[in-house]
Amino acid sequence: MIALGLGVLLGCLLSLFLPAVPPFFVLWLLLVSVAFFSWRRCWFCVGLALYFVSWHLALLNHQQAMTALLQTPVSTLEGRITSIPKHYERSSQFEFMVLQGPAAGYKVQVHWFQPKETLQAGQVWQLPVQLSAIRDQASRDGFSAERQALVQQRLARASVRSDQPPVLLGNQPQLRQRAFTVIQQATESLPSQSLVVALTLGERQFSASEWQGLRHASLGHLLAISGLHIGLVFGWCCYLLLPLRLLALPPHWQLRLTWLLAFAAAALYAWLAGFAIPTVRALLGLSLLLVFSWHWQRLSYHRFWLLLVTLLLLIQPLWSLTAGFWLSVGAVGLIFIFLWRFPARDIGWWSKLRRLFGFHLFVTLCMMPFTLLFFGGISWLALLSNLLFVPWCSLVAIPALLVTACLQALQPAWAAVLWPWVDWLFAPLRWWLDLAASQQGVWWRLPELPWALVAMMAVSLLLLLVVRKPLMLLFAALSCLPLGVLLLQQPEWRLHLLDVGQGQAVLLQYRQHGLLYNAGPAWAHGSATEQLVVPYLQHAGVKELHYLVLSHEQAEVLGNWPVLRQQYPAVQLVTDVATAHVSLPCAQMPQQFFQAELVVLQDSSQVGNELYPSCVLWLDVAGWRILLPGAMQPEDEARLLQQYPALRADVLLLARYGRNQTASLDYLQQLQPKLALSSHAHSSRVQRPAALVRARLEALQIPLLSTAEQGTIQIAIGPDSVQIYSKRARRLPFWLDSMQSEAVPAPVRR
């Protein structure tokens, strides 16, 4: 069993680092390997081959369905709404399971602009759609839309077209949709409604402030229904079913009946949460535990953990692509290590309190490498938050909430009396999240660390806590030395070109200070400003945003810029856009940002005989010259060359997504850029930048990087060179972008 599990686990880790997906014939070689190694009883190799068979089949089926859906002309899709729709100001968003064709059983994510019908989970529709591939945009807290799509069996994004009428084929809402409506109506007057809905139905419709509070307090796991909550329901039900001892049954059957009823309650809770992936993993783990307990067999902690991980990876190998999987199995493993290394001896209340504190300290410290690897930082409030609110919510608030939710279905009048008390129980958590959201200094961001360094730190920390020898203390200290070297070598200046789709957002960062040029596009269901730009600023460690420059008046750059003022009240708005009040004109922008020089070259753009506001900004950062062109037209390029005949730019951002007439040969020859950047969305129909622009750049041997190919681009600016980082090129698994991403240029030198 141990050898088989180790083989599966090693296969999972190796699959993340493959440069490309193996061809189809490899599957037959793997099946032959399974048969051969089973015959030779080499269980480690059997586990290794079994994982690759399972992984290859899951990935192959997903790719075939996605190819059939995206490469075949599709005008309409027939399917069922499987998620509770999220409604925005101008649109709705939901998951749609395809019911016909080669993609049947898979899902697409649908955006519907101003639907006329009331959308509910369970409805069957025939929708006229326009499909597009799912691609990552600005990195936010380790989230990857493409990895999440693989895990959730989601093939594409779809927008409902308005040229054909949608047809409602079936209007039978799911029971879960009805439960959501009932709970939402019963709690609409409660300040804790978002917390209540998240912990009963798994619908985390939090505000931006609540998300930030969860991040700063490190309590996201508490408000996402997962193994903690499934185990909590199972444990409380086992306790509440103790009166079953009064039945005239043999003791072992009383215990088994208790387990079955408690498991049914846990499964019901998982159904309320929509059978989200963390709840399915928890149910599988609980089922494994009950199988062994039913037959009165006991496994050691490490055997049970290895068997659980093996079972999860063979059932759904793509689960390993998400941070949630590793956080879950890592937390379970740490709990087992704590129970093994520090067994309970004393039974006094003081000893139990010390053990509780030690448990949270142990888990928090050991989970830090996971947090650094997946989220790029740690919160100083993590230990205190978990020590205070995990026991409070587990023992008091969540049980009261679930009892009240059950009464809402059975006796609504009784539940109406209890809902204010439930809100009162969650008031301390709500106050703590508000406090954490307002504290900018509690999130300590580290530079992006190599995965090998984080793994070495995690192993050394684990060995230190388990072995507790003086030599291990020395090993742990030595393993952290590379971290200190990386911290000392961090550049002061960084330029970030955010991947915000068909729009633009450029961040110039000096340590913890920032200047933002444009705020990304606005969408029918929100804006890149609140969904991508603000989270990215927080992730990058920008604690003070000094200037927000809005170059011109188009939705692709304005986004929802007031959100930035809410997040950074001291920000100075610089623009000539008429709708932006209390702003500084572009021509009056300060000429210094710390040691960087700022020059406004033009404050208008000529379209025909008309002039429109357009702020063209030239930066000199540590001797490197950067040109941000706004909405520059071909006529503006010629005018710029006449006004500044000695103008040069080492880094050039292409205007207007690099359309045919932009970036003329004269323009490029005079500027002599060492690197060209382009911010635009990925499209299979229109090439951006245009073929003529690409040809001119290639003729002049100017490297080109685009957000559509590279994702968010970071440029670390040094005195003699700039180092270029691509978000898409540096992420795991490597095979995810083996066919899409271009090579990242080597460091550019003077």
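Residues numbered from 1 in each chain as written. Predicted model: local features only at pLDDT ≥ 70, side-chain atom pairs only at ≥ 80, totals over all residues. Heavy atoms only, no water.

Enquirer: Mind laying out the side chain of Thr364, listing which residues take part and the relevant values?
Expert: For Thr364, the location among the structural elements is in helix H13 (residues 349-375). Taking relative accessible area as the criterion, Thr364 reaches 14% and is therefore assigned buried. Those residues in contact with Thr364, other than ones at most four positions away along the chain, are Ala382 and Leu383. (Helix = DSSP H or I, 4+ residues; strand = E, 2+ residues; numbered from the N terminus. Buried < 20%, exposed > 50% of the residue type's maximum accessible area, 1.4 Å probe, protein only. Contact = heavy atoms within 4.5 Å.)

Enquirer: I'd love a proper account of empty space enclosed by the protein, names of residues and values included.
Expert: Counted by the stated rule, this structure contains two cavities of 30 Å³ or more. Quantified by volume, the largest cavity comes out at close to 40 Å³. Lining the largest cavity are Leu495, Leu497, Val506, Ile626, Leu627, Leu628, Val651, Leu652, Leu653 and Leu677. Elements with a minimum of two residues in the lining of the largest cavity: strand S10 (493-497), strand S20 (624-628) and strand S21 (651-653). (1 Å grid on protein atoms, 1.4 Å probe; cavity = no way out; pocket = protein on both sides within 12 Å on 5 of 7 lines; lining within 4 Å. Points joined across faces, edges and corners; volume = space filled by probe spheres on them.)

Enquirer: Break down the packing of helix H2 (residues 25-39) against helix H3 (residues 43-70) for me, citing the residues and quoting the values.
Expert: It is the contact of H2 with H3, at a shortest axis distance of 9 Å, that shows an interaxial angle of 155°. Regarding the angle of H2 to H3, the classification is roughly antiparallel. Considering the relative orientation of H2 and H3, their crossing is left-handed. Side by side, H2 and H3 meet where Leu27, Leu30, Leu31, Ser33, Val34, Phe37 and Ser38 of the first sit next to Trp43, Cys45, Val46, Ala49, Leu50, Phe52, Val53, His56 and Leu57 of the second. Taken together, the residues that form the contact of H2 with H3 break down as 13 nonpolar, three polar and no charged. (Axes fitted to C-alpha atoms, helices over the stretch in contact; angles between N-to-C directions. Parallel < 35°, antiparallel > 145°, perpendicular 65-115°, else oblique. Left-handed = near helix turned anticlockwise from the far one by under 90°. Nonpolar A, V, L, I, M, F, W, Y, C, P; charged D, E, K, R; others polar.)

Enquirer: For the nonpolar core, give the residues involved together with the corresponding values.
Expert: In this structure, Leu219 and Leu429 are the most contacted members of the largest nonpolar core, which totals 52 residues. Within the residue set of this core, elements represented by two or more residues are helix H5 (175-186), helix H6 (193-201), helix H7 (208-217), helix H8 (227-240), helix H9 (251-272), helix H10 (277-294), helix H14 (382-410) and helix H15 (412-437). Top contributing element to this core by residue count: H15, with nine residues. If we ignore the near neighbours within four places in the chain, the residues touching Leu429 are Leu195, Leu219, Leu223, Phe389 and Cys393. (Core = buried A, V, L, I, M, F, W, Y, C linked by side-chain atoms within 4.5 Å.)

Enquirer: So what's going on with a nonpolar patch on the surface? Residues and values would help.
Expert: A cluster of nonpolar side chains, namely Ile2, Leu6, Leu10, Leu14 and Phe44, defines an oily patch on the protein surface of about 370 Å² accessible area. Per-element accounting of the nonpolar patch gives the leading share, four residues, to helix H1 (residues 2-15). Structurally, Leu6 is set in helix H1. Among the residues examined, Leu6 registers a relative accessible area of 41% and is labelled partly exposed. (Patch = residues over 30% accessible without salt bridge, like charges linked within 9 Å, V, L, I, M, F, W, Y side chains within 5 Å. Areas by Shrake-Rupley, 256 points an atom, 1.4 Å probe, with all protein chains shown as cover. Salt bridge = Lys/Arg side-chain N within 4 Å of Asp/Glu carboxyl O.)

Enquirer: So, H13: which residues are in play, and what are the values?
Expert: Given a rise of 1.5 Å per residue, 27 residues ought to cover 39 Å, and the 36 Å separating the end C-alpha atoms of H13 matches this to within 8%. Along H13, the helix axis deviates most sharply at Met368, where the bend reaches about 35°; the proline Pro369 sits within four residues downstream. Here H13 has its buried residues at Ser351, His360, Phe362, Val363, Thr364, Cys366, Met367, Pro369, Thr371, Leu372 and Phe374. Two residues or fewer past H13, Gly376 is found with a positive phi of approximately 75°. (Expected span 1.5 Å × (residues − 1). Bend = angle between axes of the 7 residues up to and from the residue.)

Enquirer: How would you explain the pairing of strand S24 (residues 713-717) if you had to name every residue and give the values?
Expert: Of all five residues making up S24, five are buried, and the element is well covered by its neighbours. Neither face of S24 is open: one carries Ile713, Ile715 and Ile717, the other Gln714 and Ala716, and all of them are buried. Relative to S24, S10 runs antiparallel, the two sharing five bridges. Looking at S24, one finds that Leu495 is bridged to Ile715. One ladder, built from five bridges, connects S24 with strand S25 (residues 721-726); its direction is antiparallel. If you follow Gln714 over to S25, its bridge partner there is Tyr725. Here S24 folds back onto S25 in antiparallel fashion, the turn holding three residues. (Pairing = 2+ DSSP bridges.)

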